[in-house]
Amino acid sequence: MEGTVFTPSLEAMNGVKSEHGEMLSKPFLDVCKNILPVIDKFGAAMILVKSDIGGNITRLENKYNSDPSKFKYLYTFVQVEVETKTAKSSSSCTNGLLWLTRAMDFLVELFRNLIEHPDWTMAQTCTDSYNKTLKKWHGWLASSSFMVALKLAPDRKKFIEVIGGTGDLNADMAKFCSSFSPLLAEIHKFLASCGLDDMKAS
């Protein structure tokens, strides 16, 4: 594989914004989709995260494919549902986008921890990232199943070897975090402006 496991996401990220600075649906979903192979390498520890991310991408993609010109821009999903008062439904695209963004927050934090704390075990890295991002949105049930899964985190050294590829892994990981964080922050800001950034899971 040319480059690292982050290369496809970094390439997709170049096209996320339109020339007017609007967030485009398809490229954003592609960035998220391209990061799934990285999650695969965590094995059982990330099964919940992966199915969550995959499910939310599929939900948004299906909606996008139903009318690509209408849903060209990411926020249209939300605007349409706000108008029809369906945004807060658990099966809404708004809910899908919210949880997809939160899961990505978790991954960015995780990659950042891997760079900044080379002495941490993978379980430490995962737990710290979880506590900083997803934990406050999860109820007891979601939280406890998450914590159990994180105990299955792979050995850090093995994980880094598996996702290495031929490029500079740390540089790509850092670039992914610094490029993707502002996009995620922007989505949160938009959702918050619609009063939709604080939905919780049971």
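Residues numbered from 1 in each chain as written. Predicted model: local features only at pLDDT ≥ 70, side-chain atom pairs only at ≥ 80, totals over all residues. Heavy atoms only, no water.

The name that an unreviewed UniProt entry assigns to the chain is Glycolipid transfer protein domain-containing protein, with the source organism given as Platanthera guangdongensis.

Draft legend 1. Up close: the packing of aromatic side chains. For the structure shown, the criterion picks out 10 aromatic pairs. Measuring from ring centre to ring centre gives 4.3 Å for Phe 42 and Phe 159, while their planes differ by 40 degrees; the resulting arrangement is tilted. Residue Phe 42 is located in the loop between α3 (36-40) and α4 (47-66), and its partner Phe 159 is located in helix α9 (residues 156-163); the two are separated by 117 residues in the primary sequence. Ring centres of Tyr 130 and Phe 146 lie 4.3 Å apart, and the angle between their planes is 15 degrees; on these two criteria the pair is classed as stacked. One end of the pair, Tyr 130, is in helix α7 (residues 122-132); the other, Phe 146, is in helix α8 (residues 140-150), with 16 residues separating them in the sequence. By the burial criterion, Tyr 130 is buried, and Phe 146 matches it. Among the aromatic residues, ring-to-ring pairing joins Phe 6, Phe 28, Phe 111, Phe 176 and Phe 180 into one connected group. It is Arg 102 that lies over the ring of Trp 99; its NZ or CZ is 4.5 Å from the centre. Above the ring of Trp 137, the side-chain terminus of Arg 102 is found at 3.9 Å from the ring centroid. (Phe/Tyr/Trp six-rings, centres within 6.5 Å; stacked < 30°, edge-to-face > 60°. Helix = DSSP H or I, 4+ residues; strand = E, 2+ residues; numbered from the N terminus. Buried < 20%, exposed > 50% of the residue type's maximum accessible area, 1.4 Å probe, protein only. Lys NZ or Arg CZ within 6 Å of the ring centre and 35° of its normal.)

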